[in-house]
Amino acid sequence: MAELLVVRAGALTTVQDRGRPGYAHLGVPRSGALDTAAYALANRLVGNPPGAAALETTLDGVSLRARAAAVVAVTGAPCPVRVCGRPVAWGAPVRLPAGAELEVGRAESGLRGYVAVRGGLAVPPVLGSRSTDLLSGLGPAVLSAGTALPVGPAGPGPVSAADAYGLPAAPSELLLPLRLGPREDWFTAASLAGLWRSAFRVSSRSNRIGLRTEGGPALVRARAGELPSEGMVLGAVQVPPDGLPVVFLADHPVTGGYPVVGVVPAGPALDAAAQARPGITVRFVRAR
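Residues numbered from 1 in each chain as written. Predicted model: local features only at pLDDT ≥ 70, side-chain atom pairs only at ≥ 80, totals over all residues. Heavy atoms only, no water.

**Remarks on the nonpolar core**
Side chains of a nonpolar character, in soluble globular proteins, are inclined to be buried together. Judged by nonpolar contacts, the single largest core of 41 residues is most densely connected at Leu174, Leu176, Leu211, Val247, Val264, Val282 and Phe284. Contributing elements (two or more residues each) for this core: helix H1 (36-45), strand E5 (70-76), strand E10 (112-117), strand E12 (173-180), helix H2 (189-195), strand E13 (200-202), helix H3 (268-274) and strand E20 (281-286). Among the elements that take part in this core, H1 stands out by supplying five residues, more than any other. In contact with Val282, other than residues within four places in its own chain, are Leu174, Leu176, Ser198, Ala199, Phe200, Arg201, Val202 and Leu211. Counting residues in hydrophobic clusters, the runner-up holds 28 residues, among them Ala70, Val83, Val94 and Val151. (Core = buried A, V, L, I, M, F, W, Y, C linked by side-chain atoms within 4.5 Å. Buried < 20%, exposed > 50% of the residue type's maximum accessible area, 1.4 Å probe, protein only. Helix = DSSP H or I, 4+ residues; strand = E, 2+ residues; numbered from the N terminus. Contact = heavy atoms within 4.5 Å.)

Here is the structure:
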């Protein structure tokens, strides 16, 4: 079986696919690629089926050596891409000769990149998914130097060009559409009215579990006490005791006891949240 050898693992590089939905009742998060559009494009570029496993990088990329000839594509956060030290295309299929080293560099904007290889990464699936889940620990370990990644056989899909530049650029300001509920009544009317006028920042404590905010006004509770734990969904905006909203991302817990003021619908807004660097302004707008 063909393999990619990890030469440099980067700040945080994980294997991701479309996740493992349907196991929340067992306490298992969905997980999966955070920027779903960029992940899907990477697979299309190399002719993979939609659910093939790929790599998700964070900020400073990854270096891989092909032990057999391969075709790869890099999408997500724009970055320099080199093969054996020579620049090659970002957002397009790239052929790697056997023994060649692929260097995915530091993101020029945005935060997370995606590296797909024709045939997909054939690490063992867990509950039907090859995704690394940072919260539960399911799936393959976070990549480290020396890890060998098996590559599956190429499918019938063609390797072809696609318009990578049709994807939205990394946000300079993150606008998150919010549908209020189910626990909006836990907050004062003044706090809810002020939420639409307030600016927050992406906190450096953000991760694949959730986008944490800072710098904005705390939401004020209208009632005391705590909720019993209840189910959480992707995009839920939970408000911990400090009053600063947390937007749940792919590795979020399936239950929680802090009130959820609203939910950001899955789609382009959460893809943009995956690319929002610490310090970026965050605003909540009413979902249409």
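Next comes the rest of the write-up.
**Overview of the packing of aromatic side chains**
Summed over the entire model, instances satisfying the criterion amount to one aromatic pair. Taken together, a centroid distance of 6.0 Å and an interplanar angle of 75° make the contact between Phe200 and Phe284 edge-to-face. Linking Phe200 in strand E13 with Phe284 in strand E20, this pair joins segments that are 84 residues apart in sequence. In this structure, Phe200 and Phe284 share a single accessibility class: buried. (Phe/Tyr/Trp six-rings, centres within 6.5 Å; stacked < 30°, edge-to-face > 60°.)

**Considering the pattern of salt bridges**
This model, assessed by the stated rule, comprises twelve salt bridges. When the shortest N-O distance is used, the salt bridge between Arg67 and Glu3 registers 2.7 Å. With Arg67 in the loop between strand E4 (62-66) and E5 and Glu3 in strand E1 (residues 3-8), the pair connects residues that are 64 residues apart, well separated along the chain. For Arg183, the salt bridge goes to Glu230, with nearest N and O atoms at 2.8 Å. One end of the pair, Arg183, is in the loop between E12 and H2; the other, Glu230, is in strand E15 (residues 230-231), with 47 residues separating them in the sequence. When salt bridges with common partners are traced through the structure, they connect Glu56, Arg112, Arg208 and Asp251 into a single cluster. (Salt bridge = Lys/Arg side-chain N within 4 Å of Asp/Glu carboxyl O.)

**Observations concerning unusual backbone geometry**
Trans is the prevailing form of peptide bonds, just as negative phi is the prevailing case for residues other than glycine. For the bond from Gly181 to Pro182, the omega torsion is 10°, close enough to zero to count as cis. Despite not being glycine, Ser31 has its phi angle at roughly 60°, a positive value. Within the secondary structure layout, Ser31 lies in the loop between strand E2 (14-16) and H1. Residue Cys84 is not a glycine yet carries a positive backbone phi of 50°.

**Quick notes on the side chain of Ser63**
For Ser63, the location among the structural elements is in strand E4. On the basis of relative accessibility, which here comes to 2%, the residue Ser63 falls in the buried class. Excluding its chain neighbours within four sequence positions, the residues that come into contact with Ser63 are Leu5, Val6, Val7, Arg8, Glu101, Leu102 and Glu103.

**Examining the sheet that holds E1**
Paired through backbone hydrogen bonds, the strands of a sheet run either parallel or antiparallel to each other. Sheet architecture is open: six strands sit in the order E7-E6-E9-E4-E1-E11, paired in antiparallel fashion. Two strands bound the open sheet, and with one partner strand each, they are strand E7 (86-88) and strand E11 (148-150). Neighbour to neighbour, the strand axes of the sheet diverge by 30° on average, direction disregarded. Here E4 pairs with strand E9 (residues 101-104) via four bridges, running antiparallel. (Pairing = 2+ DSSP bridges. Axes fitted to C-alpha atoms, helices over the stretch in contact; angles between N-to-C directions.)

**Let's talk about the pairing of E10**
Counting buried positions along E10 yields six of six residues, so the element is predominantly enclosed. The pairing of strand E3 (residues 54-58) with E10 spans four bridges and is classified as antiparallel. Note that in E10 the partner of Thr57 across the bridge is Gly113. Here E5 runs beside E10; their pairing, made up of five bridges, is antiparallel. By the bridge assignment, Val72 is partnered in E10 with Val117.

**Notes on the confidence of the model for the protein**
Put simply, the protein has an average pLDDT of 96, and 99% of its residues get 70 or more. Ranking the helices and strands of the protein by mean pLDDT puts E3 first, with 99, and E15 last, with 94. (pLDDT = per-residue confidence, 0-100.)

**Section: the pairing of E12**
Pairing of E12 with E20, which is carried by six bridges, proceeds in the parallel orientation. By the bridge assignment, Leu176 is partnered in E20 with Phe284. By the bridge criterion, two bridges tie E12 to strand E19 (residues 260-263) in an arrangement that is antiparallel. Paired with Arg179 across the two strands is Val263, which belongs to E19.

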